[in-house]
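Here are the chains, one letter per residue:
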Amino acid sequence: MNKHLLSAVSVCCAAAITASGPAQACTGIAFEAKDGTRIQARTIEWSGYDLKAKLAVWPRGVKKTAYTPQGKNGKTWTTRYGVVGATTVMDEFITEGINEKGLSAGIFFFSHYGSLAPYNPKKAAKSVSDAELVPWLLTNFATVDKALKGLKKIEIIPIAAADENGSYNTGHWRIADATGRSVVLEITNKGERHIYENDLGVLTNSPDFPWHKANLNNYINLHPGTIAPREFGRTDMFSFGASSALLGLPGDFTPPSRFVRAFFFLHSLRQPADTYAAVTQAFHILNAFDIPLGSEFALDQQIPDIPSATQVTCVSDTTRPAFYYRTMYNSQIRKVDLAKIDFSAIPYGTYDLDETLQEEIKNRTF
């Protein structure tokens with residue numbers, strides 16, 4: 001159990017957080033279509049090994065107990081809302097998901113900046129592990145406002161070992177609801193909580209959200225389109241191709257570069273007309289953030305035998321709650337419509353993202 005817990009703490013699976021280590025590169029975007037459809041979308045990356053991601057379908061009325069470093073003796077609660085989402089490493093750990101009321105939440109790795117307070121056994125009864133915060137939020141709350149009020153009543157604890165500095169590395173969280181409100185929760189300096197309104201519609205990894213927001217000013221020169229021909233002295237100059245106004249847009253896979261790139265793509269796109277256009281547009285944008293596996297490893301390192309560092313891509317419609325996804329094994333977009341699930345009757349469980357779920361859809365009514 002300890003091995004799995006250590007692996008699952010950081011969304012995209014915790015492991016070494018050195019520059020030469022595997023990718024922990026999740027990218028999130030959010031936007032609204034003309035018909036009012038609101039989208040929350042993100043990639044789930046990890047290049048170390050197969051995360052064994054599954055699709056979780058959790059009904060109402062299930063008693064849950066959170067993990068602590070001592071075992072399964074943390075906060076106990078009963079699920080109030082039905083939830084659909086993608087798990088990683090362990091079935092209990094939903095990395096990205098949505099509930100039947102349209103609340104969406106996800107955890108993104110926050111290396112070197114995320115820092116939790118040590119676990120206090122005396123507060124076990126009110127403790128929720130960072131790896132379980134997403135399902136705790138989704139099963140208990142319908143809106144961002146209620147989720148933020150609920151967060152004040154719990155301890156968010158680590159279940160991984162402390163690093164060499166005595167800090168407990170963790171993730172940061174995106175929480176959004178059907179109204180379009182979206183916030184980022186970051187915990188730094190061994191327990192300091194910060195809530196930021198996410199008016200940018202983008203989230204990646206480290207550094208902190210205010211730093212990413214300020215960093216956008218370094219790219220004020222970028223704009224869509226092609227630079228017009230110019231004459232310098234007696235020399236005529238022209239663009240070799242389209243989109244020359246984007247020269248300087250960072251193309252690497254570091255979190256700051258992905259943040260800038262996602263922000264530009266998001267805010268220069270034509271607003272989609274409806275749900276179908278919005279969902280497909282979200283996948284098209286996130287296609288640009290697929291990480292070729294070999295790019296994350298030095299030439300003398302062994303590359304894991306998996307198809308991609310981008311293992312799952314998820315899109316949630318928070319307006320008419322639905323969960324869409326594709327995987328590194330199958331690029332077909334698949335949909336789970338939460339309105340068609342009877343969350344008072346469906347059994348608690350997980351399904352294979354690529355095979356089992358589709359058979360379930362064919363052979364039974366949720």
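Report follows, based on the coordinates. Owing to the predicted nature of the structure, the values given are computational and were not obtained by experimental measurement.

## Digging into the pattern of salt bridges
Opposite charge on two side chains permits pairing when their charged atoms draw close. For the structure on display, the rule yields 12 salt bridges. For Lys 123, the salt bridge is made with Glu 155, and the minimal N-O distance between the two is 4.0 Å. In this pair, Lys 123 sits in the loop between strand E8 (104-109) and strand E9 (127-129) while Glu 155 sits in strand E10 (residues 155-157), placing the two residues 32 residues apart along the sequence. Overall, Glu 155 belongs to the partly exposed group, its relative accessible area being 26%. Across the pair Arg 326 and Asp 290 runs a salt bridge, and its minimum N-O distance is 3.4 Å. Of this pair, Arg 326 sits in strand E18 (residues 322-327) while Asp 290 sits in the loop between helix H6 (275-287) and strand E17 (310-317), and the two are 36 residues apart along the sequence. In this structure Arg 326 comes out as buried when scored by relative accessible area, which is 8%.

## Regarding the sheet that holds E17
Across the sheet, which stays open at both edges, the six strands sit in the order E14-E1-E2-E17-E18-E19 with antiparallel pairing between neighbours. Looking along the sheet, the strands with just one partner apiece sit at the ends: strand E14 (202-203) and strand E19 (334-337). Bridging between strand E2 (residues 38-45) and E17 involves seven bridges; their strand directions are antiparallel. Residue pairing for E17: Thr 43 is matched across the bridge by Thr 313.

## Describing the nonpolar core
Core analysis: the biggest nonpolar cluster contains 31 residues, and Ile 29, Phe 31, Ile 39, Ala 41 and Val 315 have the highest contact counts within it. Considering each element in turn, this core owes the most residues, six residues, to H6. Non-local contacts of Phe 31, meaning those with residues more than four positions away in its chain, are made with Thr 37, Arg 38, Ile 39, Leu 266, Pro 272, Ala 278, Gln 281 and Ala 282.

## Quick notes on the pairing of strand E6 (residues 83-87)
Each regular strand shows side chains that alternate between the opposite faces of the sheet. Buried residues dominate E6, accounting for five of its five residues. Bridge count for strand E3 (residues 54-58) against E6 is five bridges, and the pairing is antiparallel. Pairing of Val 57 across the sheet is with Val 84, part of E6. Linking E6 to strand E7 (residues 94-99), which pair antiparallel, is a turn of six residues; within it Val 89 sits at a positive phi near 70°.

## Here we look at the environment of Trp 211
Mapping Trp 211 onto the fold places it in helix H4 (residues 209-215). The class of Trp 211 is partly exposed, set by a relative accessible area of 37%.

## A short note on the state of the cysteines
Per the stated rule, a full pass over the model turns up zero disulfides. Cysteine Cys 314 shares no disulfide, and the gap to the nearest cysteine sulfur, in Cys 26, comes to 9.6 Å. Under the relative-accessibility criterion, Cys 314 is labelled buried at 1%.

## Side note on the sheet that holds strand E12 (residues 182-188)
Read from one edge of the open sheet, eight strands run E13-E12-E11-E8-E7-E6-E3-E20, paired in antiparallel fashion. The open sheet is flanked by strand E13 (192-197) and strand E20 (349-352), the only strands paired with a single partner. Across this sheet, the average inter-strand angle for adjacent strands is 20°, counted without regard to direction. Judged from the four bridges that link them, strand E11 (residues 171-176) and E12 form a sheet pairing that is antiparallel. Bridge pairing in E12 places Ala 176 opposite Ser 182.

## Considerations on the side chain of Ser 127
Considering the arrangement of structural elements, one finds Ser 127 in strand E9. Residue Ser 127 is classed as buried on the basis of its relative accessible area, which comes to 1%. The contact partners of Ser 127, leaving out residues within four places of it in the chain, are Ala 66, Gly 74, Lys 75, Tyr 119, Glu 155 and Ile 157.

## With respect to the side chain of Thr 65
The topology assignment puts Thr 65 in strand E4 (residues 63-65). A distance of 3.2 Å separates the side chain of Thr 65 from the side chain of Thr 76, its partner in a polar contact.

Conventions adopted
- Along every chain, residues carry numbers that run from 1 in the direction the sequence is written.
- Local features are withheld for residues below a pLDDT of 70 in this predicted model, meaning they are given only at 70 or higher, and side-chain atom pairs are given and counted only at 80 or more; totals for whole chains, interfaces and linings count all residues.
- Side-chain figures throughout are based on the complete set of non-hydrogen atoms in the structure, without hydrogens or water.
- Salt-bridge detection follows one rule: a side-chain nitrogen of Lys or Arg within 4 Å of a carboxyl oxygen of Asp or Glu.
- A helix here means a DSSP run of H or I that spans at least four residues, while a strand means a run of E at least two residues long, and both kinds are numbered starting from the N terminus.
- Each residue gets one of three labels from its accessible area relative to the maximum for its type: buried under 20%, exposed over 50%, partly exposed in between, using a 1.4 Å probe on protein chains only.
- For two strands to pair, DSSP has to find at least two bridges joining them.
- Nine residue types can take part in a nonpolar core, namely buried Ala, Val, Leu, Ile, Met, Phe, Trp, Tyr and Cys, and a core is a set of them joined through side-chain atoms within 4.5 Å.
- In this analysis, two residues are considered to be in contact whenever any of their non-hydrogen atoms come within 4.5 Å of each other.
- Disulfides are defined as cysteine sulfur pairs within 2.5 Å.
- Working convention: axes come from line fits to C-alpha atoms, limited for helices to the stretch in contact. Angles between N-to-C directions cover 0 to 180 degrees.
- Polar contacts, as used here, are pairs of N or O atoms within 3.5 Å; protein pairs need one atom able to donate a hydrogen and one able to accept it. Residues neighboring in sequence count only if both atoms are side-chain atoms.

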